[in-house]
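The lines below spell out each chain.
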There are 2 protein chains.
Amino acid sequence: MKITPMTQSLVLHFGEMGSRWGLNRTLGQMYAVIVLTEAPLNADQISEALQISRSNVSMGLKELKSWNLIKLHHIPGDRKEYFSAPSDIWEIARTLVVERRKRELDPTLSTLRDALMEQPSNESDEYAQMRVQQMHDLMEMVTLWTNEMQGMSSEKLSALLKLGEGISKILDVKDKLLLR
Amino acid sequence: MKITPMTQSLVLHFGEMGSRWGLNRTLGQMYAVIVLTEAPLNADQISEALQISRSNVSMGLKELKSWNLIKLHHIPGDRKEYFSAPSDIWEIARTLVVERRKRELDPTLSTLRDALMEQPSNESDEYAQMRVQQMHDLMEMVTLWTNEMQGMSSEKLSALLKLGEGISKILDVKDKLLLR
DNA sequence: TACAATTTTCACAAATTACTGAAAATTCAG
DNA sequence: CTGAATTTTCAGTAATTTGTGAAAATTGTA
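Residues numbered from 1 in each chain as written. Chains lettered and ligands numbered in written order. Predicted model: local features only at pLDDT ≥ 70, side-chain atom pairs only at ≥ 80, totals over all residues. Heavy atoms only, no water.

Here we look at the overall build of chain A
In terms of regular secondary structure, chain A is built from 9 helices and 3 strands. When the helices and strands of chain A are listed from N to C terminus, the series reads α-α-β-α-α-β-β-α-α-α-α-α. At 22 Å, chain A has a C-alpha radius of gyration far larger than the 16 Å of a compact globule built from 180 residues. Dimensions of chain A along its principal axes, counting C-alpha atoms only, are 65 × 50 × 30 Å. Burial status across chain A gives 52% buried among its 180 residues. Restricting to contacts in chain A with at least 6 residues of sequence separation, those with at least 24 account for 56%. For chain A, the accessible area works out to roughly 9,300 Å², and carbon and sulfur atoms hold 52% of it. (Helix = DSSP H or I, 4+ residues; strand = E, 2+ residues; numbered from the N terminus. Rg over C-alpha atoms; globule rule 2.2 N^0.38 Å. Buried < 20%, exposed > 50% of the residue type's maximum accessible area, 1.4 Å probe, protein only. Contact = heavy atoms within 4.5 Å. Areas by Shrake-Rupley, 256 points an atom, 1.4 Å probe, with all protein chains shown as cover.)

Next comes the structure, spelled out in structure tokens:
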């Protein structure tokens, strides 16, 4: 599959960014080409577009699947598998946030809980445990939020984000509001 | 500096996590030991606690500085520099979010803008540009939010996060609220 | 069931990233 | 200003991560 210069430069950029996003270069490039192309693509097309080996594409697709970032299609009369990204960009964002939480927060939360169960052996352990408690509480709140986010429609999510600076005002009058 | 078994296991965990957090293993470990220790530490203490070379600590501290994650102290009569983490965990979280945005979102936002300036050369470019526009709008909203967050007091941030599932309800009545 | 098409796995190679010790640079007390 | 204490830099090496081709496994059709 040929790729236009515009797509090409976006793909390269998302490759660079991939590594900063907890994915990696190739994964970033692969997802870029999938997101930017309307028609679902098969592995060979991706391999050709990015000039990477077929086996690398296979491994990348496996990982994108584990992130729930791609949809699988079958074309009648064609044995190949075709892949596309959700057409709703909010769905992609929601998935990314939730999956990153799974990878970045959940394991830590569980380690923090373990540490809190232990008996502090001296003063410095006591201080450490206090900090662990703070981190734990904060991360738990973030987890609640991402769960909430997971169940939100794209419209609602968009409305929430559009609040932007309005969020402070809303917080100020929240109590008043919830009383009625 | 000696390290208790509890701190030791937390340090190891944050090392593992460091890589998923856009830092790296050593940076994660270094920050863990700084966060979990009440007294400010000097480079030699960190080097000893983590069993890594002094030069590695120096590079790590440089990076932690660039993330604005550590505070610098001077102890009278001692030429060494001492480092600590903010005592307010919310401040740490706020900094992390803002710094990650700088590294993960800002460069992409600028690339997306560039792509939007280009003249689409054919239909597939038109589709790509449409997606780029969507991504751009979403990321811009996130940027607004993180800016908002940067200016929020820890108390307010905590209140916002505690809303948790309440956020949906608030959204539902937002318009009513803002009218009065 | 047989077999061609397709996908996945995996051992090794290539590329990237992280770590070290030695040397250079900086800092500051006297 | 001197020189000891301290920090930083950097070239080389070590460790980790990523990519490949060949072979194995799976899939689906005739």
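Digging into the protein's contact with DNA strand C
Neighbouring residues of DNA strand C: 17 residues in total, closest Arg54 of chain A together with Thr26, Ser53, Ser55 and Arg79 of chain B. Sugar and phosphate atoms constitute 56% of the interface atoms of DNA strand C, taking the interface as everything within 4 Å of the protein. At 2.8 Å from a base oxygen of DNA strand C is found a side-chain nitrogen or oxygen belonging to Ser55 of chain B. Classifying every residue of the surface near DNA strand C gives 3 nonpolar, 7 polar and 7 charged. (Near = heavy atom within 4 Å. Polar contact = N/O pair within 3.5 Å; in protein donor to acceptor, adjacent residues only side chain to side chain. Nonpolar A, V, L, I, M, F, W, Y, C, P; charged D, E, K, R; others polar.)

Things to note about the pattern of salt bridges
Evaluated as defined, the whole model comprises 16 salt bridges over all chains. The shortest N-O distance in the salt bridge between Glu99 of chain B and Arg103 of chain B comes to 2.8 Å. A residue pair is termed a helical-turn pair when its members lie 3 or 4 positions apart in one helix, as Glu99 of chain B and Arg103 of chain B do in helix H5 (residues 89–104) at 4 residues. Using a relative accessible area of 22% as the deciding quantity, one classes Arg103 of chain B as partly exposed. For Glu104 of chain B, the salt bridge is made with Arg100 of chain B, and the minimal N-O distance between the two is 3.2 Å. In this pair, Glu104 of chain B and Arg100 of chain B both sit in helix H5, 4 residues apart, roughly one turn of the helix. Since its relative accessible area comes to 8%, Glu104 of chain B is described here as buried. When salt bridges that share partners are traced, they join Arg100 and Glu104 of chain A together with Arg100 and Glu104 of chain B into one network. (Salt bridge = Lys/Arg side-chain N within 4 Å of Asp/Glu carboxyl O.)

What about unusual backbone geometry?
All names here are of chain B. Not every positive phi belongs to a glycine, and Gln51 is a case in point at roughly 60°. Following the sequence through the fold, Gln51 ends up in the loop between helix H3 (43–50) and helix H4 (54–66). Given a relative accessible area of 72%, Gln51 falls into the exposed group. Positive phi values are uncommon outside glycine, yet Asn68 reaches one of about 60°. Its relative accessible area of 47% is what places Asn68 among the partly exposed residues.

Some remarks on the relation of the copies chain B and chain A
Relative to chain A, chain B is turned by 180° and slid 0.0 Å along the rotation axis, the superposed coordinates differing by an RMSD of 0.0 Å. Classification of the inter-copy transformation places it as that of a two-fold axis. Residue by residue, 100% of the interface of chain B is reproduced at the interface of chain A, so both copies engage with the same surface. (Least-squares fit on C-alpha atoms with pLDDT ≥ 70 in both.)

A few points about the environment of Thr111 of chain B
Looking at the element boundaries, Thr111 of chain B is found in helix H6 (residues 106–117). For Thr111 of chain B, a relative accessible area of 17% corresponds to the buried category. The contacts of Thr111 of chain B, once residues within four sequence positions are left out, are Leu10 and His13 of chain A.

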